Amino acid sequence: MTTSSTPGLTRFNTLPAEEAATVLHEVCASTAWGSSVLAHRPYDGTEALFSASDAAMAQLTAEDLAEAMAGHPPIGRPKPGDPTSSREQRGMAGASEELKAEMLELNLAYQERFGHVFLICATGATGEQMRDAVKARIGNSPEQEREIVRTELGKINRIRLTRLAQDA
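None of these values were measured; they are calculated from a predicted model.

Procedures and definitions
- Residues numbered from 1 in each chain as written.
- Predicted model: local features only at pLDDT ≥ 70, side-chain atom pairs only at ≥ 80, totals over all residues.
- Heavy atoms only, no water.
- Axes fitted to C-alpha atoms, helices over the stretch in contact; angles between N-to-C directions.
- Helix = DSSP H or I, 4+ residues; strand = E, 2+ residues; numbered from the N terminus.
- Parallel < 35°, antiparallel > 145°, perpendicular 65-115°, else oblique.
- Left-handed = near helix turned anticlockwise from the far one by under 90°.
- Contact = heavy atoms within 4.5 Å.
- Phe/Tyr/Trp six-rings, centres within 6.5 Å; stacked < 30°, edge-to-face > 60°.
- Buried < 20%, exposed > 50% of the residue type's maximum accessible area, 1.4 Å probe, protein only.
- Lys NZ or Arg CZ within 6 Å of the ring centre and 35° of its normal.
- Core = buried A, V, L, I, M, F, W, Y, C linked by side-chain atoms within 4.5 Å.
- Salt bridge = Lys/Arg side-chain N within 4 Å of Asp/Glu carboxyl O.

Draft legend 1. Spatial organisation of the packing of helix 4 (residues 46–58) against helix 10 (residues 142–166). Where helix 4 contacts helix 10, the axes come no closer than 10 Å and their chain directions differ by 150°. Between helix 4 and helix 10, the angle is such that the two are roughly antiparallel. Crossing angle aside, the handedness with which helix 4 passes helix 10 is right-handed. Judged by residue contacts, T46, L49, F50, S53, D54, M57 and A58 of helix 4 engage R150, L153, G154, N157, R158, L161, T162 and A165 from helix 10.

Draft legend 2. Examining the packing of aromatic side chains more closely. By the definition in use, this model includes two aromatic pairs. Ring centres of Y110 and F118 lie 5.2 Å apart, and the angle between their planes is 80°; on these two criteria the pair is classed as edge-to-face. Neither Y110 nor F118 differs from the other in exposure class; each is buried. These aromatic residues form a ring-pair network of at least three members: Y110, F114 and F118. The ring of F12 carries R41 above its face, with NZ or CZ at 5.5 Å from the centroid.

Draft legend 3. Seen up close, the nonpolar core. Core analysis: the largest hydrophobic core is formed by 45 residues, its most contacted members being F12, W33, Y43, I75, M103, M130 and L153. Broken down by secondary-structure element, the contributors of at least two residues to this core are helix 1 (7–14), helix 2 (17–27), helix 3 (31–39), helix 4, helix 5 (62–69), helix 8 (97–114), helix 9 (127–137) and helix 10. With near-sequence residues (within four places) excluded, L153 lies in contact with M57, L65, A68, M69, H72 and L119.

Draft legend 4. Region of the structure containing the pattern of salt bridges. Under the criterion given, the structure shown has eight salt bridges. A salt bridge links R158 to D54; its shortest N-O distance comes to 2.4 Å. Highlighted residues: R158 in helix 10 and D54 in helix 4, separated in sequence by 104 residues. A residue is classified by how much of its surface remains accessible, and R158, at 30% relative accessible area, is partly exposed. In this structure, a network of salt bridges that share partners links the residues E102, R131, D132 and K135.

Below is the structure:
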């Protein structure tokens, strides 16, 4: 287990609770997740932070997951002016107009079926890989999809927490 603290993690550990909660909300929009991670400060390293995040993610209810998903824009349509959203969805930036149109159609079909945006850890994925994932997942049961979403959110949170821990 990593016990060395990074500049960003040291800063996060010493933030007033309200400011730390705001930082965590930028990582994950679930209030329950943020409260759980906040309650375990200070962290002696990123592995401890990841463990707390994973444990909090495992405890989220369907409502908590819905709250977390509400903080994510549809694939192919990052939030304007949001560098995190744009960076995470970089794989769609160079996609053809045909692929972008197909993703829009698939996103809408997925949202109609499940009642929320298609969520995937898009970091490092190509537009084609994201398209193939939504096609593969749209046939899942709501219960299967909820657990896949939980896993994908956990991956996204780890990437964002890594950035938080490294930033000075």
